[in-house]
Amino acid sequence: MINTNLKNIYEGILDGNAAQVASGVEQALADGIAAELILNEGMIAAMGEVGSLFEEGEYFVPEMLIAARAMQKGLEILKPRLAEADVKSSGKIAIGTVKGDLHDIGKNLVAMMLEGAAFEVIDLGTDVTPQRFIQVIEEEQVQIIAMSALLTTTMPNMKTTIDAIIEAGVRDQVKIMVGGAPVTQAYAEQIGADGYSEDANRAVAKARDLLAV
Ligand code: B1M
C-alpha cells in the first residue's frame, strides 16, 4: 500500500465504513493520486479481500453488503474523475446484471466508464430478465446489450438471455457483450456473445471495437 489515503480507503471498505472511504477518496484526489490508482489499489483490491474473507468464513453476507455500500460511496466521488467526457455520442448501450444476480458494483463501474467514453448508457439495474433486455432492444434501439454476472449459478442466464433474444428475432439488431468475475472469453464464445472483457477499461475498448468507433 503506497499511500496512507489508499490504506484508509482499503481499510474503510473492509470495515464497511463509508465515511472513511469517502474522506479517503477525497483526500487522495486532493493529493493528486490518479483516480485509476485509487480504484484499483484502494477499492477493487479491498473488495477482493472481502471476497477472500467471505470464502474463509470470516465475513458473512452483512459484512459483504456494508463493504459494498462503502465502495459505492467512494465510487460516487470518483465518478467525475473516471469520466473523460467526449462530446460526440459513441453509441447506445443497455447494461444490466442478469436474472437472479444482485451484484452491481462491477456493472456500475462498467457503465460509468462507458459513459465517460461518451456512450449513451441505459442502466437496467440488477436481476434483469431476458424479456427486459428484449424490450430495451425493441423500444430504445440500443446497439449493444451488455450483461454482467458474478455468480456461477447466474452466469447461465446470459445464455438464456441470448437464446431469448434470438427467439424474439432481434439478435441481428444488437451486439452482445458479457463480463463479470466468473465469465471468460471461452464462455462468451460458447454462448454466442460478440464480445467479452475482463474489466471496465477493456469493456470500453471492446464496445468501441464492436461498433467500429
Ligand atoms: Co457476493 N459473491 N454473494 N455479494 N460477492 C461473490 C461474487 C463471491 C465470489 C464471494 C466469494 O465466495 N468469494 C461469491 C460467488 C461464488 C460463485 O458464484 N462461484 C458470492 C456469493 C456466493 C454471494 C451470495 C450467494 C451469498 C449468499 O447469499 N450466501 C449472494 C448472492 C446474491 C445474489 O446476487 N442473488 C451474494 C450477495 C452479495 C452482496 C449483496 C452482499 C454483495 C453485493 C452488493 C452489490 O453488488 N451491490 C456481494 C459482494 C460485495 C461480493 C464480493 C465480495 C465483491 C463483488 C464486487 O463488487 N467486486 C464478491 C467477491 C469478489 O468478487 N472477490 C462476491 C468488485 C467489482 C469491481 O468487481 O464485480 O468482478 P466485479 O467487476 C469487475 C469485472 O468482473 C468486470 O469489470 C469489473 C472491474 O473493472 N465486469 C465486467 C463486471 N461486469 C462486467 C460486464 C462487462 C465487462 C466487464 O461487459 C458487459
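Look a little higher up for the structure.
Analysis parameters
Residues numbered from 1 in each chain as written. Predicted model: local features only at pLDDT ≥ 70, side-chain atom pairs only at ≥ 80, totals over all residues. Heavy atoms only, no water. Helix = DSSP H or I, 4+ residues; strand = E, 2+ residues; numbered from the N terminus. Rg over C-alpha atoms; globule rule 2.2 N^0.38 Å. Buried < 20%, exposed > 50% of the residue type's maximum accessible area, 1.4 Å probe, protein only. Lys, Arg positive; Asp, Glu negative; His and termini not counted. Charge placed at Lys NZ, Arg CZ, Asp CG, Glu CD. Near = heavy atom within 4 Å. Polar contact = N/O pair within 3.5 Å; in protein donor to acceptor, adjacent residues only side chain to side chain. Core = buried A, V, L, I, M, F, W, Y, C linked by side-chain atoms within 4.5 Å. Domains from an automatic or database assignment. Contact = heavy atoms within 4.5 Å. Donors = N, O, S within 2.8 Å, 3.2 Å for Na, K, Ca; no water. Axes fitted to C-alpha atoms, helices over the stretch in contact; angles between N-to-C directions. Parallel < 35°, antiparallel > 145°, perpendicular 65-115°, else oblique. Left-handed = near helix turned anticlockwise from the far one by under 90°. Expected span 1.5 Å × (residues − 1). Bend = angle between axes of the 7 residues up to and from the residue.

Novice: Describe the overall build of the chain, listing the residues and the values that go with them.
Specialist: Within the chain, the regular secondary structure consists of nine helices and five strands. Traced from its N-terminal end to its C-terminal end, the chain shows the element sequence α-α-α-α-β-α-β-α-β-α-β-α-β-α. For 213 residues, the compact-globule estimate of 2.2 N^0.38 gives 17 Å, and the chain sits close to it at 18 Å. Along the first, second and third principal axes, the C-alpha set of the chain runs to 55 × 45 × 25 Å. Taking all 213 residues of the chain together, 46% fall into the buried category. Charge separation in the chain, taken as the distance between the mean sites of 16 positive and 31 negative side-chain charges, equals 5 Å.

Novice: Tell me what's going on with the site of the ligand, and back it up with residues and numbers.
Specialist: Taken together, 35 residues form the shell around the ligand, and within it E55, L102, H103, D104 and S148 come nearest. Contact distances for the ligand include 3.2 Å between an oxygen atom and a backbone N or O atom of A181. Those elements that place two or more of their residues in the shell around the ligand are α3 (35-55), α4 (61-82), α5 (105-116), β3 (144-148), β4 (175-179) and α9 (200-211).

Novice: Break down the nonpolar core for me, with residues and values.
Specialist: Formed by 44 residues in total, the largest nonpolar core has its most connected members in I9, I13, I38, M43 and L78. For this core, the domains that each give at least three residues are domain 1 (4-84) and domain 2 (91-211). In contact with I13, not counting residues within four places along its chain, are V21, G42, M43, A46, M47, V50, A67, A70 and M71.

Novice: Go over the coordination of the cobalt atom of the ligand, please, and point to the residues and values.
Specialist: Protein coordination of the cobalt atom of the ligand is limited to a single donor, H103 (NE2), positioned at 2.2 Å. In this structure, H103 sits in the loop between β1 (91-97) and α5.

Novice: Which residues make up the packing of α5 against α9, and what values go with them?
Specialist: Look at α5 against α9: their axes get within 8 Å of each other, and the N-to-C directions meet at 50 degrees. Here α5 is positioned oblique relative to α9, judged by the angle of their axes. α5 and α9 meet at a crossing whose hand is right-handed. Each of L109, V110, M113 and L114 in α5 lies in contact with α9, whose residues at this interface are A200, N201, A203, V204 and A207.

Novice: A description of α3 should follow, citing residues and the corresponding values.
Specialist: For α3, with 21 residues, the first-to-last C-alpha span of 29 Å sits near the 30 Å given by 1.5 Å per residue. Maximum bend of α3: about 25 degrees, positioned at I44. Looking one or two residues beyond α3, the residue adopting positive phi is G57, at roughly 80 degrees.

Novice: Now, about the side chain of N108: what can you tell me, with residues and values included?
Specialist: In this structure, N108 sits in helix α5. Accessibility expressed as a relative area gives 16% for N108, which makes it buried. Of note is the side chain of N108, whose polar atom sits 2.7 Å from the side chain of K107. Apart from residues no more than four positions distant in its own chain, N108 is found in contact with Q72 and D123.

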